[in-house]
Amino acid sequence: MNDKLLRMYLEYASTDEAKAIVFVKKHMPESAQKWVDVIDCERYELSEDKLHFRFVEYGLYKRTLKPKYPPKSQFTNNGEFDEKSYYMAVRAITWEVANLDIEQQKAKGVVGEKYGITAVRYNKNKGKYKSLPPWLNPNSTFYGSWPTPTYRRQYELEPEWVYEIKSIKKLN
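Just so it is clear, the structure is predicted and the values come from calculations on it, not from any experiment.

Peer 1: Teacher, can you tell me more about the pattern of salt bridges here?
Peer 2: Side-chain pairs of opposite charge can arise whenever the charged atoms involved come near each other. Under the criterion given, the structure shown has 8 salt bridges. Put simply, Arg54 and Glu42 hold a salt bridge, and the shortest N to O gap is 2.8 Å. Here Arg54, found in strand 2 (residues 53-62), pairs with Glu42, found in strand 1 (residues 34-43); they are 12 residues apart in sequence, far enough to count as distant. You can call Arg54 partly exposed: its relative accessible area is 37%. Of the residues examined, Glu42 reaches a relative accessible area of 35% and is grouped as partly exposed. What emerges from the salt-bridge pattern is a single network uniting Asp16, Arg43 and Glu45.

Peer 1: I would appreciate a short explanation of the pairing of strand 2 in the present structure.
Peer 2: Here is the key point about a regular strand: its side chains alternate between the two faces of the sheet. As paired elements, strand 1 and strand 2 share 9 bridges and run antiparallel to each other. By the bridge assignment for strand 2, Trp35 is matched with Tyr61. Two strands pair when backbone bridges link them, and strand 2 and strand 5 (residues 113-123) are joined in this way by 6 bridges, in the antiparallel orientation. Residue pairing for strand 5: Gly59 is matched across the bridge by Lys114.

Peer 1: I tried to follow the layout of surface pockets on my own but got confused; where do I start?
Peer 2: In this approach, a probe sized like a water molecule rolls over the atoms, and the result shows the empty space that is left. Of the volumes computed, that of the largest pocket is approximately 610 Å³. Sorting elements by how many residues they give to the lining of the largest pocket places helix 3 (residues 83-107) first, with 9 residues.

Peer 1: Teacher, can you tell me more about the packing of aromatic side chains here?
Peer 2: Tallied over the entire structure, the rule returns 7 aromatic pairs. Both rings, one in Tyr44 and one in Tyr163, keep their centres 6.3 Å apart while their planes meet at 90°; by these two values the pair is edge-to-face. Of this pair, Tyr44 sits in the loop between strand 1 and strand 2 while Tyr163 sits in strand 8 (residues 161-170), and the two are 119 residues apart along the sequence. With respect to class, Tyr44 is no different from Tyr163; both count as buried.

Peer 1: Can you help me understand helix 1 (residues 3-13) in this one?
Peer 2: For helix 1, the complete set of buried residues consists of Leu5, Tyr9 and Tyr12. Around the axis of helix 1, the buried residues are gathered within 60° of arc, so they sit on the same side. Of the exposed residues in helix 1, the ones pointing more than 90 degrees away from its buried face are Asp3, Lys4, Arg7 and Glu11. Looking at the buried positions of helix 1, the neighbouring elements they touch are helix 2 (16-27) and helix 3. Backbone nitrogen of Lys4 and a side-chain oxygen of the N-cap are separated by 2.9 Å at the start of helix 1; the cap is Asn2.

Basis of the calculations
Counting of residues starts from 1 at the beginning of each chain's written sequence and follows it residue by residue. Only residues with pLDDT of at least 70 get local features here, since the model is predicted, and only at 80 or more are side-chain atom pairs given and counted; chain-wide, interface and lining totals rely on the full set of residues. Each side-chain value is worked out from all heavy atoms of the structure, with water and hydrogens disregarded. One side-chain nitrogen of Lys or Arg within 4 Å of one carboxyl oxygen of Asp or Glu is enough to make a salt bridge. Elements are defined by DSSP. Helices are runs of H or I of four residues or more, strands are runs of E of two residues or more, and each kind is numbered from the N terminus. In this scheme, a residue with accessible area under 20% of its type's maximum is buried, one over 50% is exposed, and one in between is partly exposed, where area comes from a 1.4 Å probe on protein chains only. For two strands to be treated as a pair, DSSP must find at least two bridges joining them. Cavities and pockets are defined on a 1 Å grid built over the protein atoms alone: a cavity is a set of grid points where a 1.4 Å probe fits but cannot escape, while a pocket is an open set with protein on both sides within 12 Å along at least five of seven lines, and lining residues are those with an atom within 4 Å of any such point. Grid points are joined across faces, edges and corners, and a volume is the space filled by probe spheres set on the points. Here a Phe, Tyr or Trp ring, Trp counted by its six-membered ring, pairs with any other such ring whose centre lies within 6.5 Å, and the pair is stacked when the planes are under 30 degrees apart, edge-to-face when over 60, and tilted otherwise. Throughout, the arc means that of the directions going from the helix axis to the C-beta atoms. We call two residues in contact whenever any of their non-hydrogen atoms come within 4.5 Å of each other. Polar contact criterion, stated in full: a pair of N or O atoms within 3.5 Å, where within protein one must be able to donate a hydrogen and the other to accept it, and residues adjacent in sequence count only if both atoms are side-chain atoms.

Set out below in structure tokens:
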């Protein structure tokens, strides 16, 4: 396995573009068996989920080149198969072939089918409040005693973040 290719792939794999390809593959079944060429994307930076994007614009290209993977025997040492190393090698080779194939198709004037996915992330509980009875509020004069039924203090509900795909549209 080419160590330089593996290093380049590992550097690429941490980018938003790489995550956008996984995002497209997850949300658009039509992308199966096609190369995804990300044109533009924007992630929700504050989201814990690395696959939460505001939008992704991309092109789909036919797979005209097929990756040639090394035999698994090259990743076996003392009878132990190194699955992680093999998987990384396969991913790096696939990435290299995808870039080459898309580049060659663009050079021939092929334009991929362009799509855009838009999504939203919002707090489902924004503006919603709950009442805590005063005996649960340690700052209340009623703490530990039976309260009057008219006294209630409002507390904003904890945020509950929802992520939804709003649209998947063909752009060309």
